[in-house]
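Spelled out from the first residue to the last, the chains are:
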Amino acid sequence: MESSVQAHYDTPNLIQTIDAGLLAAEKDPDRIHISDLAMVDQLHTGGSRATMDLAARITILPDWHVLDAGCGLGGSSRLLAHTFGCRVTGIDLSPSFIDTAQILTQRTGLFQKVAFQTGSILDMPWDDDQFSAVLCQHILMNIENKPAALKEIFRVLKPGGILMLHEIVLGENTGLALPVPWADAADISFLAAWETLAACCSDVGFVLDEMTDATKTGCRYWQKVRAFAEKTAPGTRPLGPHLVFGENALSFPFTMSENFENNSIRLIEAFLKKP
Ligand SMILES: C[S@@+](CC[C@H](N)C(=O)[O-])C[C@H]1O[C@@H](n2cnc3c(N)ncnc32)[C@H](O)[C@@H]1O
């Protein structure tokens, strides 16, 4: 199953495609700031603002080592390191995402703080009790065996460490409009209800500090993206998720707002502690 998920995300010539987009947006790929990448490297609902709002709810200290589990292109890894001065390590299944994350991090001058590793969060290469916090942002919907993933995250967190969840979960209605960013076909979408996810977290030992239902904010975000898409000719914006997801990305504003409006999906933000 992991190979199907990897095939969904792995993108040939990704850095060349992003560079062409940056040049078309009149940005020098060798002199970029993390904000120049925000239209491309934030592969989740709400973009960099959502990551900042989430992280602002805890105090991330400069001596923390944060794990970005399923880091994609490393957008949130770079954002956290840049904002809080912490070290961040990102792990992702897709080699092309990790290669691209490394190049973009080098170019943004954050390579001393941010490192990346190709691999699965179901079997991570680190010893126990390594990280002060783990960010799990829009990844669990691709993972069938959630207990195994959460057990592994729990293992690498230090005692007292925090799991930050920013995840799409199952709504009350079934029937997902596709494609969505995490799946072009139903066989790689493993949405679970929040109650199921919370029970899995509790079973591996996490203690829930706080959960916020951010569904309304998520729905508004996609409705705005849809309104923009409706008045903009496809392919006219040089930077956007189409650089990563190709033609499918043109459908996301419509399928994602429909899924939120139909209550097929919800957006949750949660903080859990390893005692
Ligand atoms: C929707 S993207 C989100 C990426 C990133 N967290 C972000 O918000 O920008 C989901 C990511 O999860 C990764 N992924 C899926 N299953 C994984 C696994 N078992 N281990 C590591 N990464 C995985 C995918 O390769 C993809 O980069």
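Above this text is the structure in question.
None of these values were measured; they are calculated from a predicted model. (Residues numbered from 1 in each chain as written. Predicted model: local features only at pLDDT ≥ 70, side-chain atom pairs only at ≥ 80, totals over all residues.)

Enquirer: Describe the overall build of the chain, naming the residues involved and giving the relevant values.
Expert: Along the chain, the regular secondary structure elements total eleven helices and seven strands. Taking 19 Å as the expected radius of gyration for a compact globule of 275 residues, we find that the chain reaches 18 Å, a close match to that expectation. Its C-alpha atoms give the chain principal-axis dimensions of about 50 × 45 × 35 Å. Considering the chain as a whole, with its 275 residues, one finds that 46% of them fall into the buried category. A separation of at least 24 residues holds for 79% of the contacts in the chain among residues at least 6 apart in sequence. (Helix = DSSP H or I, 4+ residues; strand = E, 2+ residues; numbered from the N terminus. Rg over C-alpha atoms; globule rule 2.2 N^0.38 Å. Buried ≥ 20, exposed ≤ 12 C-beta atoms within 10 Å, placed from the backbone. Contact = placed C-beta atoms within 7 Å.)

Enquirer: Which residues make up the pairing of strand β5 (residues 157–170), and what values do they have?
Expert: Most of β5 sits out of view: eleven of its 14 residues are buried. Sheet topology note: the strand β4 (residues 131–137)/β5 ladder contains six bridges and is parallel. In the strand pairing of β5, Ala-133 is matched with Ile-162. Chirality of the crossover, the property in question, places the unit of β4, helix α7 (residues 146–156) and β5 among those that are right-handed. Examined bridge by bridge, β5 and strand β7 (residues 265–273) share nine bridges and lie antiparallel to one another. Bridge assignment links Leu-163 to a residue of β7, and that residue is Leu-272. (Pairing = 2+ DSSP bridges. Right-handed = clockwise from strand over helix to strand, strands pointing away.)

Enquirer: Can you explain the sheet that holds β4? Please cite residues and give values.
Expert: Spatial strand order, β3-β2-β1-β4-β5-β7-β6: seven strands in an open sheet with mixed pairing. Edge positions in the open sheet fall to β3 (114–118) and β6 (207–213), since each of these has one partner strand only. When strand polarity is set aside, the average angle formed by the axes of neighbouring strands in this sheet is 15°. Bridging between strand β1 (residues 65–69) and strand β2 (residues 87–92) involves five bridges; their strand directions are parallel. Residue pairing for β2: Asp-68 is matched across the bridge by Gly-90. Lying on the sheet, helix α8 (residues 194–204) is in contact with β5, β6 and β7; it crosses β7 at an angle near 20°. (Axes fitted to C-alpha atoms, helices over the stretch in contact; angles between N-to-C directions.)

Enquirer: Give a description of helix α1 (residues 2–9) that names residues and reports values.
Expert: Of the residues making up α1, those classed as buried are Val-5, His-8 and Tyr-9. End-on view of α1: buried residues confined to an arc of 90°, all on one side of the axis. Facing away from the buried side of α1 by more than 90 degrees, the exposed set consists of Ser-3, Ser-4 and Ala-7. Those residues of α1 that are buried are in contact with α6 (95–107). (Arc of directions from axis to C-beta.)

Enquirer: Tell me about the site of the ligand, and please be specific about residues and values.
Expert: Around the ligand sit 26 residues in total, of which Leu-43, His-44, Gly-70, Gly-72 and Leu-93 are the nearest. Counting residues per element, the ones that place at least two in the shell around the ligand are α1, α5 (75–84) and β2. When residues in the shell around the ligand are grouped by element, the largest group, three residues, is from α1. When the residues that make up the shell around the ligand are grouped by side-chain class, the tally is 13 nonpolar, eleven polar and two charged. (Near = placed C-beta within 6 Å. Nonpolar A, V, L, I, M, F, W, Y, C, P; charged D, E, K, R; others polar.)

Read these as layout, nothing more, since geometry by itself doesn't imply function.
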